[in-house]
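Okay, here's what each chain looks like letter by letter:
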Amino acid sequence: QVQLVESGGGLAQSGGSLRLSCAASGSIVSIYAMGWYRQAPGKERELVARITSGGSTNYADSVKGRFTISRDNAKNTVYLQMNSLKPEDSAMYYCNADLLLLSISRTFRNDYWGQGTQVTVSS
């Protein structure tokens, strides 16, 4: 069984910073990619940032230059440093992981989501 445990959300003022963390645990053989998505009320879930096993990153245009995604392979953890926050960054942020797992005598690939962490930015 896989768990993605997120932390670091909360309330920030416009222009402030927050750092999100997401730790993956379970019978993980390898991590293809991890990322952060967000969903605001009445809107669809959207990609914020993603990092692959090779270290390649991609960001939503709206967060480029303000947010930085990074990872700690030894801890199976991904981070999202969010600077220069804006009220429009307010949303539920979800961690996503594309994993290769071990089950009994075989491996399989699957996609997992965290429970979400709320980010609220006041103006």
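Residues numbered from 1 in each chain as written. Predicted model: local features only at pLDDT ≥ 70, side-chain atom pairs only at ≥ 80, totals over all residues. Heavy atoms only, no water.

Can you break down the overall build of the chain residue by residue, with the values?
When helices and strands are counted, the chain shows 0 helices and 11 strands. Starting at the N terminus, the α and β elements of the chain follow one another as β-β-β-β-β-β-β-β-β-β-β. Radius of gyration (C-alpha) of the chain: 15 Å, near the 14 Å computed for a compact globule of 123 residues. Each principal axis of the C-alpha distribution contributes one length, and for the chain these read about 55 × 25 × 25 Å. The buried share of the chain, taken over its 123 residues, is 41%. Within the chain, residue pairs in contact and separated by at least 24 positions form 56% of the contacts whose partners lie at least 6 positions apart. Summed over its atoms, the accessible surface of the chain is roughly 6600 Å², and 46% of this surface lies on carbon and sulfur atoms. (Helix = DSSP H or I, 4+ residues; strand = E, 2+ residues; numbered from the N terminus. Rg over C-alpha atoms; globule rule 2.2 N^0.38 Å. Buried < 20%, exposed > 50% of the residue type's maximum accessible area, 1.4 Å probe, protein only. Contact = heavy atoms within 4.5 Å. Areas by Shrake-Rupley, 256 points an atom, 1.4 Å probe, with all protein chains shown as cover.)

Run through the pairing of strand β4 (residues 28-39), naming residues and quoting values.
Pairing of β4 with strand β9 (residues 91-103), which is carried by 10 bridges, proceeds in the antiparallel orientation. Each residue of the ladder has a partner; that of Ala33, found in β9, is Asp98. A loop of 6 residues connects β4 with strand β5 (residues 46-52), the two strands running antiparallel in sequence, and Gly42 in this loop sits at a positive phi of about 80°. (Pairing = 2+ DSSP bridges.)

Provide a residue-level description of the environment of Pro41, including the pertinent values.
One can find Pro41 in the loop between β4 and β5. Taking the C-alpha atoms as reference points, Pro41 and Leu20, separated by 21 residues in sequence, lie 20 Å from one another.

Explain the state of the cysteines residue by residue, including any values.
In this structure the tally under the stated criterion is 1 disulfide. A sulfur-sulfur distance of 2.1 Å marks the disulfide that ties Cys22 to Cys95. The disulfide joining Cys22 to Cys95 has a torsion of about -85° about its S-S bond and is therefore left-handed. With a gap of 73 residues between them, Cys22 in strand β3 (residues 18-25) and Cys95 in strand β9 connect regions that are remote in the sequence. (Disulfide = S-S within 2.5 Å.)

Which residues make up the nonpolar core, and what are the values?
When a protein is soluble and globular, its nonpolar side chains tend to lie buried together. Residues Trp36, Leu80, Met82 and Tyr93 are the most contacted members of the largest nonpolar core, which totals 32 residues. Elements that contribute at least two residues to this core include exactly β3, β4, β5, β7 (67-72), β8 (77-82), β9 and β11 (117-122). Here this core gets 6 residues from one element, more than from any other, and that element is β9. (Core = buried A, V, L, I, M, F, W, Y, C linked by side-chain atoms within 4.5 Å.)

So what about the sheet that holds β3? Which residues, and what values?
Spatially, β1-β3-β8-β7 is the arrangement adopted by the 4 strands of the open sheet, whose pairing is antiparallel. Two strands lie at the open edges of the sheet, namely β1 (3-7) and β7, each paired on one side alone. In this sheet, neighbouring strand axes are inclined to one another by 15° on average, regardless of whether the strands run parallel or antiparallel. Bridge count between β7 and β8: 6 bridges; the pairing is antiparallel. (Axes fitted to C-alpha atoms, helices over the stretch in contact; angles between N-to-C directions.)

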